[in-house]
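Take a look at the letters that make up each chain.
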Amino acid sequence: MKTYIALLRGINVGGHKKILMSDLKKLFESLGFRDVRTYIQSGNVVFSSNADVDFANTISEAIESKYGFKVPVLVKKASELAEILSKCPFSDEKREKSYFILLAEYPDEEAKVASATFASEEEPFLITDNCVYIFYAKGAGKAKLGVNFFEKKLKVIATARNYRTMAKLLELANP
């Protein structure tokens, strides 16, 4: 059995696309996934499976069928998330306050280069093939460069999580 982490984008934000985590857990179990655990209300699900399917598409279609709205879903192996976390380029002090904008697919190299010009002292970032590591000096609430910016510039689906959430998901994935 392999352990995976599903990251849903844009649920339970501002009263939109509401899904109770207990219902989300049941939905994952109905798809045949095992050891399903959710973490906070923003759509983080750790699960195990031996299946060889397109997890993101399967989950997204099940949510649309049950709730009537589409939700972008990224699914990473626990080992992939661990590697992303371990490769954070920021100092220890900044890393624990960093955000990880996880990418559903590899961005085009030209788009990565063009986007890099938007980095600043207040919002330094590094774009890799599967993550944008970003630090918000003034806090994420005042950020100019967020998920929507990177999705548009890189032309890929993305979702963001902070360091604490990433670390907790890995803890849940490796009990």
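Cut-offs used in this document
- Residues numbered from 1 in each chain as written.
- Predicted model: local features only at pLDDT ≥ 70, side-chain atom pairs only at ≥ 80, totals over all residues.
- Heavy atoms only, no water.
- pLDDT = per-residue confidence, 0-100.
- Helix = DSSP H or I, 4+ residues; strand = E, 2+ residues; numbered from the N terminus.
- Pairing = 2+ DSSP bridges.
- Axes fitted to C-alpha atoms, helices over the stretch in contact; angles between N-to-C directions.
- Contact = heavy atoms within 4.5 Å.

## A short note on the confidence of the model for the chain
Of all residues in the chain, 98% attain a pLDDT of 70 or more, and the chain-wide mean is 93. By mean pLDDT, the top-scoring element of the chain is strand S7 (residues 131-135) (97), and the lowest-scoring one is helix H4 (residues 92-95) (92).

## Describing the sheet that holds strand S5 (residues 98-103)
On the basis of which strands lie adjacent, the open sheet formed by four strands has the order S6-S7-S5-S8 and antiparallel pairing. One side of each edge strand has no neighbouring strand; the edge strands of this open sheet are strand S6 (125-127) and strand S8 (158-162). When strand polarity is set aside, the average angle formed by the axes of neighbouring strands in this sheet is 15 degrees. The pairing of S5 with S7 spans five bridges and is classified as antiparallel. Across the sheet, Tyr99 pairs through a bridge with Ile134, a residue of S7. Along the sheet, helix H6 (residues 147-154) contacts S5, S6, S7 and S8; its crossing angle with S8, the most-contacted strand, is approximately 145 degrees.

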